[in-house]
Amino acid sequence: VLRSLGIPTRVITNFNSAHDTNINLSIDKYIDNSGKTLDLSEDSVWNFHVWNESWFIRRDLGSFYDGWQVLDATPQEKSKGIYQCGPASTRAIKEGHVDLDYDSSFVFAAVNADYVTWIHYSKKRIERIYSDTKKIGKFISTKAVGTNSRVDVTANYKYPEVKEISFKISYSQYKNSLMDDRKILVTAV
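Please read these numbers as outputs of a predicted model, since none were measured by experiment. (Residues numbered from 1 in each chain as written. Predicted model: local features only at pLDDT ≥ 70, side-chain atom pairs only at ≥ 80, totals over all residues. Heavy atoms only, no water.)

Caption draft 1: Local environment of the side chain of Glu-53. You can see Glu-53 is positioned in strand β4 (residues 44–56). In this structure the side chain of Glu-53 is engaged in a polar contact, spanning 2.7 Å, whose partner is the side chain of Arg-10. In terms of polar contacts, Glu-53 uses its side chain to reach the side chain of Tyr-157, at 2.4 Å. (Helix = DSSP H or I, 4+ residues; strand = E, 2+ residues; numbered from the N terminus. Polar contact = N/O pair within 3.5 Å; in protein donor to acceptor, adjacent residues only side chain to side chain.)

Caption draft 2: A look at the sheet that holds strand β10 (residues 125–132). In spatial order, the strands read β3-β2-β9-β10; together these four strands make up an open sheet with mixed pairing. Edge positions in the open sheet fall to β3 (37–38) and β10, since each of these has one partner strand only. (Pairing = 2+ DSSP bridges.)

Caption draft 3: A look at the packing of aromatic side chains. Counted according to the given criterion, the structure contains five aromatic pairs. Between the aromatic rings of Phe-64 and Tyr-65, the centroid separation amounts to 5.0 Å while the plane-to-plane angle is 90 degrees, which identifies the pairing as edge-to-face. Taking the relative accessible area as the measure of exposure, Phe-64 reaches 34% and is therefore partly exposed. Arg-125 extends its terminal NZ or CZ atom over the ring of Tyr-121, reaching a point 4.0 Å from the ring centre. Positioned above the aromatic ring of Tyr-115 is the side chain of Lys-135, whose terminal nitrogen or guanidinium carbon lies 4.0 Å from the ring centre. (Phe/Tyr/Trp six-rings, centres within 6.5 Å; stacked < 30°, edge-to-face > 60°. Buried < 20%, exposed > 50% of the residue type's maximum accessible area, 1.4 Å probe, protein only. Lys NZ or Arg CZ within 6 Å of the ring centre and 35° of its normal.)

Caption draft 4: Quick peek at the confidence of the model for the protein chain. Looking at the protein chain as a whole, the pLDDT averages 84, with 84% of positions reaching at least 70. Across the protein chain, the element-wise mean pLDDT spans from 47 in helix α4 (residues 171–188) up to 97 in strand β12 (residues 150–152). Counting interchain partners and residues more than four positions distant, the pLDDT-below-50 stretch residues 180–189 has zero contacts. (pLDDT = per-residue confidence, 0-100. Contact = heavy atoms within 4.5 Å.)

Caption draft 5: Highlighting the environment of Trp-118. Inspection of the secondary structure puts Trp-118 in strand β9 (residues 114–122). Expressed as a C-alpha distance, the spacing of Trp-118 and Arg-128, which sit 10 residues apart in the sequence, is 4.3 Å. Beyond its immediate stretch of four places on either side in the chain, Trp-118 contacts Asp-28, Lys-29, Tyr-30, Ile-31, Ile-126, Glu-127 and Arg-128. Of the polar contacts made by the side chain of Trp-118, one reaches the side chain of Asp-28; its length is 3.0 Å.

Structure below.
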């Protein structure tokens, strides 16, 4: 419909798409102390989810948010009392501006939520045991114009995931590296 009105529109597919039902920006999984999954959250991760993007000027939000806007024709949650989603600015989603109207927090969670595992000991005691910050929002894609090729648009929704590098050095090596950095700074000034 939007294309027939002359509004640029494309289909977007998000793999490992989060469905955050309580808008806390995480997908919470609860287990008991034996490792059995408990049914305490309605959050879920879908293999994929599809929505549309359309190109709008956002006079209501300001020109910073102009460009591609997420519109989901199959929303699973109510927004302002009715089943709707968008238009949420992809720029707002990428920048983490989840306080804006039009479901930016829901779409942010769909592409960038943390997947958190909790041990549920009792009604008063839970403990976070694992948090995966890279599981959600993979290979966000659209179809290339004029071909059947995939175009990766993940960078429109989120910054690159930082690769964690673990290493071990002694305290004295760490202390010496700080001194070396200070020498470099002084030399550079």
